[in-house]
Amino acid sequence: MSQDAAALREEGNHLFKSGDAQGALSCYTKALKLSCDQTEAAVLHRNRAACYLKLEDYAKAEADASKALDSDPGDIKARFRRAQALQKLGRLDQAFLDAQKCAQLEPKNKAFQELLRLLGTQIQQKVRSCGFRMARLLFFPVLQAAQNLVVLSREDAGAEQVFRNDGVKLLQKLLASHHEDIVLSALRTLVGLCTGHQSRTMAIVHELGMPQLCAVMGSGASAVSLAACHLLQVMFEALTEGMKRDIRGKDEAILPEPSRELRSMLQHLLDMMPAATVSGPGRDSAINLLVKQVPRKSLRNPDNSVTLWTVDHGLKKVLEVAGTVPELADGPPLTDNTPMSCSVLLNKLYDDLKCDSERENFNRLCEEYVQYYFSQPALESKVRAIQAVSVLLQGPSDVGNRTLELSGVMETVIAMCASENLIHQQVAVETLIHAAGKAKRASFITANGVALLKDLYKTSENDRIRVRALVGLCKLGSAGGTDFSMKQFAEGSTLKLAKQCRKWLCNDSLPATSRRWAVEGLAYLTFDADVKEDLVEDKKALNAMFELAKSEDKTVLFAVGSTLVNCTNSYDVEKPDPQLVELAKYAKQHVPEEHPKDAQFFVEKRLLKLLQAGVVSALVCMVKQESPALTDACKECIARVFLALVERQEDRGMVVAQGGGKALIPLATENTDVGKVKASQALAKITITSNPEIAFPGERIYEVVRPLVNLLHLECTLLQNFEALMALTNLAGINERLRSKIIKEKAVSKVEGYMFEEHELVRAAATECMCNLALSTEVQKLFLATGNDRLKLVVLFCGEEDERLRKAAAGTLAMLTAEQPELCARIPGTTSHWLEILQALLLSDSQDLRHRGVVIALNIMQAERDLTEKLMESEALEILSVMAKEDTDARGPIAKIAQQCLEVAVRYGIIKSAEGSEEYNV
């Protein structure tokens, strides 16, 4: 953009802000004539659209906003302005689509939500003005009619109208359309009809039929498949909630069979597994649904009947998919993510079994499947059996081990590693790699595997085989973990392997699956600090890894997460007791050694380089992935990395600015137990040092409360307790709604518990938190209640030596006595030393403590004449008199409040001022 054009744009911005839309329009138009840059032109068109909106020239506003979107479809401001213009032009359906996209990109933006709500109301009115019958809806173009139904179904009353007026039959016709947007609208309408409504869901399942819904989900269109998956998930939730209500109060030992509708839905999903007519994305969606809906949400629920039913009726169908090798002609279409999704599903099912007999049945079914195909004479059948074993080893590894030990399986795997058929060789090598870390009774893999894999790595002419062999070597070579003294390879060999991994990772000509294997190799090799250092210095490799993490290949997520955990040293390390180390050395036993480059100085440098390379945006994209590959173990890795990234206070702003704060919230609620704690601690660190209202805008700030309260647990470290208390203190000081949320999460009793903690910082932090919580009437009532020592504890804390604790306690007491004057009369009953404690506050060297003390004195005196007499008969009169004379020029707040105290005593007639002086006498 030329200098003149840039100056004109700035002038236009200034004029627009000052309210001169016509002048701004002129500047933007002139700048457009001078601009040669397409991106800058798009910004000018967007700005000019805002001017036309102000001038009520809506046709030109729509045209300019469209030009901006032609250059940058992701320009949310241009899209919002076009939606506003289309609304004014009466093109409500198009305006609704634009507003909907804006709201999807920024769900918490109030302006977007308000426009969406307004458009919804206007469309509903337009529909009603034509009469509601479904036939009359077709008065509109089909796409617009479908979109109108979406709007109506967003509210329960509208959803009921659609349902009762033959809407399901119309939706059935729309689902058969070849127009993707029409099908999407029909699916979204059905979501509105089914959400939280069991009877409507059951009727829709019967009327539409699962075959049609599964056919839609199994279609080739990815967006349609995901939308159908979401609909079925909503249906599952509606039905399972109904089942929970049905069994409430029954004997827990009586485990009900799944409802007929639920069983029918599960059966159709299982039938999709081996069906050749189902697309790869559709099959992945079906697996995703099974992962989410079949296993129990909590192991405390004794009912795993859905899992048992699924194992009996569908395990072999899942294994059919697991055993499919896409490159072979036989088998259903798969995506790159399908094998990993199968592993996750199989693992979830196995983990949900409760007893040995259930697990033995699972093992038997898997062994029967593998034996059946392995016993066939065709080599492709044996490849299929070995592929299934490979998937099992990545999922329920105990089951995979047993199938691996079946007669002839391991021998065939090793023999196939030398096969001339590339596909057969690839399957065998992958199985060998997965077995290397899993097989308990196949230890000869570890003993002899290095030579075999080295031979493949050196002699194979195909990079797909070489990269897999390399990962096997990496896996075997990382057996010592972070122990510097337990290197498996000769000096420099690990660095050479890592260099080759980075080279393949950056090779765009390799398929994404092979590049994913290169990341797998780095996940093992980065146990070595020298490899970590080389990787963070290689910006090209980091960028390639982050791009893979954002790609459609979800199977790379865990490898990327593991690599980043290693690079940031965010894994747990137990430092041995020095005395035990000395004993071990004396006994000539092995003692783990830390690599010199794993020292804190090097770790901090690596963290900074990762931040500069864009690690946060990659992690945020990883969290957003809707895939079984985003396992709890993967989420834990991401949570660990985030915690390491926010360790330094100066880096937290960058993490928040790139979406890290938003990404941490789901990690703190849906994760492993360790992952939840790590993510919650990262949230606490951000909340302590950042403005929470900026870090977590809108409603998101209320979602932070529960993870922080969960850190107030005895199993968490004192540091985690301390940081949670500090963060909650900040939140409690913002508004009453947040305080109510904290109280609702049952935090008050936990905070009170930490007020008795021996550690000074924790005790002070808990008292500070109580100080802010006491702004709430509900907490004040706890202090007012009889039969507790809450007030006594606060008064006693005012006399402690720790200044931070005294400030917090005095602040709490000052606020409580101001809001609840009747507490003042109870203060003398808390301790016989209350007067000395108050005088010590008034005489403190700390201005903050003196201020709090004089406020407490004023509150007591205003509430109780008898207590005022006691104060005036003590040294408090002299202290207050001196304080009232301080800062006479500026009349600071302490002096003014002290003066008010004396004036109260004068009004009571307890003291009087001496004539001609500022002295007071009793």
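For the structure itself, look to the data block above.
Below, the structure is looked at part by part. (Residues numbered from 1 in each chain as written. Predicted model: local features only at pLDDT ≥ 70, side-chain atom pairs only at ≥ 80, totals over all residues. Heavy atoms only, no water.)

## Examining the overall build of the protein
- Helix and strand content of the protein: 54 helices and 2 strands.
- Taking all 922 residues of the protein together, 55% fall into the buried category.
- Taking all contacts inside the protein whose residues are at least 6 apart in sequence as the whole, residues at least 24 apart take part in 68%. (Helix = DSSP H or I, 4+ residues; strand = E, 2+ residues; numbered from the N terminus. Buried < 20%, exposed > 50% of the residue type's maximum accessible area, 1.4 Å probe, protein only. Contact = heavy atoms within 4.5 Å.)

## Remarks on the packing of aromatic side chains
- Applying the stated rule across the entire model yields 6 aromatic pairs.
- Taking 6.3 Å as the distance between ring centres and 80° as the angle between the ring planes, the aromatic pair formed by Y457 and W504 counts as edge-to-face. Of this pair, Y457 sits in helix α25 (residues 444-459) while W504 sits in helix α27 (residues 493-505); the two residues are 47 residues apart in sequence, bridging distant segments of the chain.
- On the accessibility criterion, Y457 (15% relative accessible area) is buried.
- Judged by relative accessible area, which is 3%, W504 ranks as buried.
- Over the aromatic face of F374 sits the side chain of K382, whose NZ or CZ is 5.6 Å from the ring centroid.
- Sitting over the face of the ring of Y702, R737 holds its NZ or CZ atom 3.9 Å from the ring centroid. (Phe/Tyr/Trp six-rings, centres within 6.5 Å; stacked < 30°, edge-to-face > 60°. Lys NZ or Arg CZ within 6 Å of the ring centre and 35° of its normal.)

## Some details on helix α28 (residues 512-525)
- Over its 14 residues, α28 extends 20 Å from the first C-alpha to the last, a length consistent with the 20 Å expected when each residue adds 1.5 Å.
- Here α28 lies mainly inside the structure; 11 of its 14 residues are buried. (Expected span 1.5 Å × (residues − 1).)

## As for the environment of G660
- Secondary-structure assignment places G660 in helix α37 (residues 660-669).
- Given a relative accessible area of 0%, G660 falls into the buried group.
- For G660 and L683, which are 23 residues apart along the polypeptide, the C-alpha to C-alpha distance reads 9.4 Å.

## Regarding empty space enclosed by the protein
- Going through the model one piece at a time under the given rule, you end up with 4 cavities of 30 Å³ or more.
- In this structure, the second largest cavity encloses a volume near 70 Å³.
- Lining the second largest cavity are V795, C798, L813, I827, W834, I837, L838, L841, I856 and I860.
- Those elements giving two or more residues to the lining of the second largest cavity turn out to be α50 (834-842) and α51 (847-863).
- The greatest single-element share of the lining of the second largest cavity, amounting to 4 residues, is contributed by α50. (1 Å grid on protein atoms, 1.4 Å probe; cavity = no way out; pocket = protein on both sides within 12 Å on 5 of 7 lines; lining within 4 Å. Points joined across faces, edges and corners; volume = space filled by probe spheres on them.)

## Here we look at the nonpolar core
- Of all hydrophobic cores here, the largest spans 260 residues; its most connected members are F362, F642, L645 and L880.
- Considering every element that reaches this core, the biggest residue donor is helix α15 (residues 222-247), with 10 residues.
- What F362 contacts, discounting residues up to four positions off in sequence, is V311, L315, L346, L349, Y350, L353, P396 and V399.
- Within the second largest apolar cluster, 17 residues are counted, among which are L8, L25, Y52 and A85. (Core = buried A, V, L, I, M, F, W, Y, C linked by side-chain atoms within 4.5 Å.)

## Quick notes on helix α54 (residues 893-908)
- Along its 16 residues, α54 runs 23 Å from first to last C-alpha, staying within 8% of the 22 Å computed at 1.5 Å per residue.
- Buried within α54 we find I894, A895, I897, A898, Q899, C901, L902, V904 and A905.
- Positive phi appears at G909, one or two residues downstream of α54, with a value of about 80°.

## Considerations on the pattern of salt bridges
- Evaluated as defined, the whole model comprises 41 salt bridges.
- With a closest N to O distance of 3.1 Å, E745 and K741 form a salt bridge.
- Here K741 falls in the partly exposed class, since its relative accessible area comes to 23%.
- A single network of salt bridges, built from pairs that share partners, joins R79, R82 and D98. (Salt bridge = Lys/Arg side-chain N within 4 Å of Asp/Glu carboxyl O.)

## Regarding unusual backbone geometry
- Despite not being glycine, E56 has its phi angle at roughly 65°, a positive value.
- Position of E56 among the secondary structure elements: in the loop between α3 (38-54) and α4 (58-71).

## Examining the packing of helix α31 (residues 557-567) against helix α35 (residues 632-645)
- Contact geometry of α31 with α35 gives a least axis separation of 9 Å together with a crossing angle of 35°. By crossing handedness, the relation of α31 to α35 is classed as left-handed. The residues of α35 that touch α31, namely those facing L557, F558, G561, S562, L564 and V565, are A633, C634, C637, R640 and V641.
- Considered class by class, the residues forming the contact of α31 with α35 number 8 nonpolar, 2 polar and 1 charged. (Axes fitted to C-alpha atoms, helices over the stretch in contact; angles between N-to-C directions. Left-handed = near helix turned anticlockwise from the far one by under 90°. Nonpolar A, V, L, I, M, F, W, Y, C, P; charged D, E, K, R; others polar.)

## What about the side chain of Q820?
- Note on placement: Q820 falls in the loop between α48 (803-819) and α49 (827-830).
- Exposure remark for Q820: the relative accessible area of 13% places this residue in the buried category.
- For Q820, the contacting residues outside a window of four places in its chain are Q780 and L784.

## Quick word on the packing of α28 against helix α30 (residues 539-550)
- Relative orientation of the contacting elements α28 and α30 amounts to 120°, with a least axis distance of 11 Å. Between α28 and α30, the interaxial angle falls into the category oblique. Like other packed secondary-structure pairs, α28 and α30 cross with a definite hand, here left-handed. Here α28 contributes A512, R515, R516 and V519 to the contact with α30, which in turn contributes A544, M545 and L548. (Parallel < 35°, antiparallel > 145°, perpendicular 65-115°, else oblique.)

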